[in-house]
Amino acid sequence: MAQIIDGKAISAKIREEIKEETARFVAQRGYAPGLAVIIVGEDPASTVYVRNKGRACEEVGFYSEIHRLPENTQQSELEELIDRLNGDDKIHGILVQLPLPKHLDESAVLLKIDPAKDVDGFYPFNVGRIMIGDFDIAPCTPYGVMELLRYSGIETRGKHCVIVGRSNIVGKPQAMLMLKADATVTVCHSKTQNLAEICRTADILVAAIGKADFIGADYVKEGAVVVDVGINRKADGKLTGDVNFAQVEPKASFITPVPGGVGPMTITILMKNTLKAAEVAGDALGAF
Ligand code: NDP
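Structure report, in brief. (Residues numbered from 1 in each chain as written. Predicted model: local features only at pLDDT ≥ 70, side-chain atom pairs only at ≥ 80, totals over all residues. Heavy atoms only, no water.)

### A look at the overall build of the chain
- Along the chain, the regular secondary structure elements total ten helices and eleven strands.
- A compact globule built from 288 residues would reach a C-alpha radius of gyration of about 19 Å, and the chain, at 19 Å, matches this within 12%.
- The C-alpha extent of the chain, read off along each of the three principal axes, is 55 × 40 × 35 Å.
- Each of the 288 residues in the chain was classed as buried or not, and the buried ones make up 48%.
- Within the chain, residue pairs in contact and separated by at least 24 positions form 71% of the contacts whose partners lie at least 6 positions apart. (Helix = DSSP H or I, 4+ residues; strand = E, 2+ residues; numbered from the N terminus. Rg over C-alpha atoms; globule rule 2.2 N^0.38 Å. Buried < 20%, exposed > 50% of the residue type's maximum accessible area, 1.4 Å probe, protein only. Contact = heavy atoms within 4.5 Å.)

Structure, rendered in C-alpha cells:
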C-alpha cells in the first residue's frame, strides 16, 4: 500500500512559512509583496481560481489587486493595464489568468509582462533561466511537484524520472527541475512508442497528460513514486487525475491523490514566487 502524499497538508505548511517570511519582509522594508491578477471574461473555473488567489494573498499578508475586465476587452486595453502594472512599485507579480477569450493574442499579452514580475514563470527569458538551471522563479505546478517530493523526504538524485506530457507549463519545466535535482529524466508524449514499458522503468512517474485514469497498474513498477498532475472532470462532475488511483495505489510506494495532491500546491507556489519577486526587486533597489 502506498503512502498518500497529502498536498493540502504540505501546502498549508508552506503557506505558514510564507506568512512568517512575509511578516519579516514587511517589518524590514515597510511594504508588503504585491500581486496583481487579471481576469478577462467570466469563465467559471477561472473565476474560482482568481478568487482563491486573492484569498491566498490575504492569508499570507500580501497586497493584492484583482482586475476584472469584460469579455469584449481589446488587446490594447489589456496591454495598457499590464504596462501600468509593470511600472507600479506596489506590484511585484502580475498574473494573467488563462485561457483568455479567443479574440485576444495570449502570447503577445504574456510578452508584455515585465520578466521580473512574471510570477508564473512563462516569459521566454524565465523559461531560458529554467533551462540553464539558474532561476529565481519556477513555473508553479512543476515546482509544486518538487516541493511535494522534498517535503515527503523522497530522494530524486540518481532516480529515473519518467514524465508523461511535454507541455510548456508542466512537462518540459518539470523535466528541467528534475534534471537540476539530479534525476535521470525521460520525457514521453503522444507519439512515444512502448509508453507502458518506459513508464515501468520509472522510480518516479509524473503524469501530466489530461486523460482521466490513463495510467493503469501496467504502467507502474512495484514501489515507484507516482505523481498525478492531471485534473479531469468525469461525467458525474467529480474530479479525477491521469492515474487510475485504485489500480496504481497498491503498487506504488508514494502517490498523490486527485483532488488534494498537486492541485493545492499550485497557488501556494504562486505565493512563494511573488514573495521571491518582491525580495529580488527590493534587493535590486538596495543595490543603488
Ligand atoms: P497539455 O494538453 O498541454 O499537454 C498534454 C501532454 O500529454 C502533451 O504533451 C501530450 O502529447 C501528452 N499526451 C496526450 N495524450 C497522450 C497519450 N495518449 N500518451 C502519451 N502522452 C500523451 O496539458 P497540460 O500539460 O497543460 O496539463 C496536463 C494535465 O495537468 C491536465 O489534466 C491539466 O488539467 C492538469 N494541470 C494541472 C495543474 C494543477 O495545478 N494540478 C496545472 C496545470 C495542468 P503531445 O505533446 O504529443 O500532444
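### Section: a negative patch on the surface
- Where like charges cluster on the molecular surface, the negative patch consists of Glu16, Glu17, Glu20 and Glu21.
- On the secondary structure map, Glu21 appears in helix H1 (residues 7-29).
- Assessed through its relative accessible area of 33%, Glu21 is described here as partly exposed. (Patch = residues over 30% accessible without salt bridge, like charges linked within 9 Å, V, L, I, M, F, W, Y side chains within 5 Å. Areas by Shrake-Rupley, 256 points an atom, 1.4 Å probe, with all protein chains shown as cover. Salt bridge = Lys/Arg side-chain N within 4 Å of Asp/Glu carboxyl O. Lys, Arg positive; Asp, Glu negative; His and termini not counted. Charge placed at Lys NZ, Arg CZ, Asp CG, Glu CD.)

### What to know about the site of the ligand
- Taken together, 22 residues form the shell around the ligand, and within it Arg166, Ser167, Ser190, Ile231 and Thr266 come nearest.
- With respect to the ligand, the backbone of Ile231 contributes an N or O atom lying 3.0 Å from an oxygen atom.
- Between the ligand and Thr266 there is a distance of 2.8 Å, counted from an oxygen atom to a side-chain nitrogen or oxygen.
- Across the shell around the ligand, the residue classes break down as ten nonpolar, ten polar and two charged. (Near = heavy atom within 4 Å. Polar contact = N/O pair within 3.5 Å; in protein donor to acceptor, adjacent residues only side chain to side chain. Nonpolar A, V, L, I, M, F, W, Y, C, P; charged D, E, K, R; others polar.)

### Looking at the side chain of Gln174
- Relative to the elements of secondary structure, Gln174 occurs in helix H7 (residues 171-180).
- Residues contacting Gln174, with those up to four places away along its chain left out, are Pro142, Val145, Met146, Ile163 and Val206.

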